[in-house]
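Architecture and fold: a report
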Amino acid sequence: YVPENKIDENAPGEELDTRIGETINYQDKVSVTLNQVIEFDSGNNGSNRFFVAELSITNNSSASIDCSSLTHFSSRINDNDDTSPVRNVNAAIFARKYYTKIGSDMMLLNQAIDPGQTVDGYIYFASPEEWEKLQIIYIPYKYYSNDKVLFDITEEKITHYTEEL
């Protein structure tokens, strides 16, 4: 849903920094935790790396909120914001194969979250083989605010899945 009175995409917003495993509370309305980032080692092709990020999002407000992997998430690689890594088809395929192989019912984050509800889900993304700084960006109130939660992803915090997919 895109409201008629959406915020200008160029309007400034606050940036809240956090890391894997930490919960951040956005304006007492949304709590979000990046639980883990998993890299699919068998998928790396020499130019790209493929990942899933598993998140828990709790709606602490009195109204439902939207959560879409395509509109509420993007990435920042070496200080360049980009939506294409979170729309990478190969990363999507690896993610689905991974959750099927391990027998998990974890789903892609694409739903409304009701008041008081906590949703666990994932997003998929790709990155270049080498990067100095990698962040996943979550915009809790897309269309109403340009505030962002920035999750810093560091090599030592990445879980590696080494089996073939």
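The following refers to the structure shown. Values in this document were obtained by computation on a predicted structure and should not be read as measured data.

**A short note on the pairing of strand E10 (residues 134–138)**
- Burial analysis of E10 places five of its five residues in the buried class, the great majority of the element.
- Pairing between E10 and strand E11 (residues 148–153): five bridges, direction antiparallel. Residue pairing in the sheet places Gln135 in a bridge with Asp152 of E11.

**A closer look at the sheet that holds strand E7 (residues 80–82)**
- Read across the open sheet, the five strands follow the order E1-E11-E10-E6-E7; overall the sheet is mixed. The strands lining the two open edges of the sheet, one partner per strand, are strand E1 (15–19) and E7. Between one strand and the next, the sheet's axes are offset by a mean angle of 25°, whatever the strand orientation.
- Two strands pair when backbone bridges link them, and strand E6 (residues 73–77) and E7 are joined in this way by three bridges, in the antiparallel orientation. Its bridge partner being in E7, Ile77 is matched across the sheet by Asn80.

**Structural notes on the packing of aromatic side chains**
- A complete count under the given rule lists nine aromatic pairs for this structure.
- Taking 5.3 Å as the distance between ring centres and 50° as the angle between the ring planes, the aromatic pair formed by Phe40 and Tyr98 counts as tilted. Of this pair, Phe40 sits in strand E3 (residues 30–40) while Tyr98 sits in helix H1 (residues 89–101), placing them 58 residues apart in sequence. As far as the burial class goes, Phe40 and Tyr98 line up, both buried.
- With centroids separated by 4.8 Å and ring planes inclined at 10°, the aromatic side chains of Phe51 and Phe125 adopt a geometry described as stacked. Here the residue Phe51 occupies a position in strand E4 (residues 48–59), and Phe125 occupies one in strand E9 (residues 118–128), the gap between them amounting to 74 residues. Both residues of the pair, Phe51 and Phe125, count as buried.
- Here the aromatic residues Phe40, Phe50, Phe94, Tyr98, Tyr99, Tyr122 and Tyr161 are joined through ring pairs into a cluster of three or more.
- Across the ring face of Tyr141, the terminal group of Lys29 is positioned such that the distance to the ring centre comes to 5.3 Å.

**Points about unusual backbone geometry**
- A positive phi is found at Asp28, a non-glycine position, where the angle reads about 60°.
- You will see that Asp79, though not glycine, has its phi angle at about 70°, which is positive.
- For Asp79, the location among the structural elements is in the loop between E6 and E7.
- On the basis of relative accessible area, Asp79 is assigned to the exposed category, the value being 56%.

**What about the pattern of salt bridges?**
- Throughout the structure, instances matching the rule amount to seven salt bridges.
- Measuring nitrogen to oxygen at the nearest pair gives 2.6 Å for the salt bridge that ties Glu22 to Arg19.
- With relative accessibility at 30%, the residue Glu22 sits in the partly exposed group.
- We note a salt bridge from Arg49 to Glu39, for which the minimum N-O separation is 2.8 Å. Within this pair, whereas Arg49 is found in strand E4, its partner Glu39 is found in strand E3, the two being separated by 10 residues in sequence. Each member of the pair, Arg49 together with Glu39, is buried.

Cut-offs and rules
- Residues numbered from 1 in each chain as written.
- Predicted model: local features only at pLDDT ≥ 70, side-chain atom pairs only at ≥ 80, totals over all residues.
- Heavy atoms only, no water.
- Buried < 20%, exposed > 50% of the residue type's maximum accessible area, 1.4 Å probe, protein only.
- Helix = DSSP H or I, 4+ residues; strand = E, 2+ residues; numbered from the N terminus.
- Pairing = 2+ DSSP bridges.
- Axes fitted to C-alpha atoms, helices over the stretch in contact; angles between N-to-C directions.
- Phe/Tyr/Trp six-rings, centres within 6.5 Å; stacked < 30°, edge-to-face > 60°.
- Lys NZ or Arg CZ within 6 Å of the ring centre and 35° of its normal.
- Salt bridge = Lys/Arg side-chain N within 4 Å of Asp/Glu carboxyl O.

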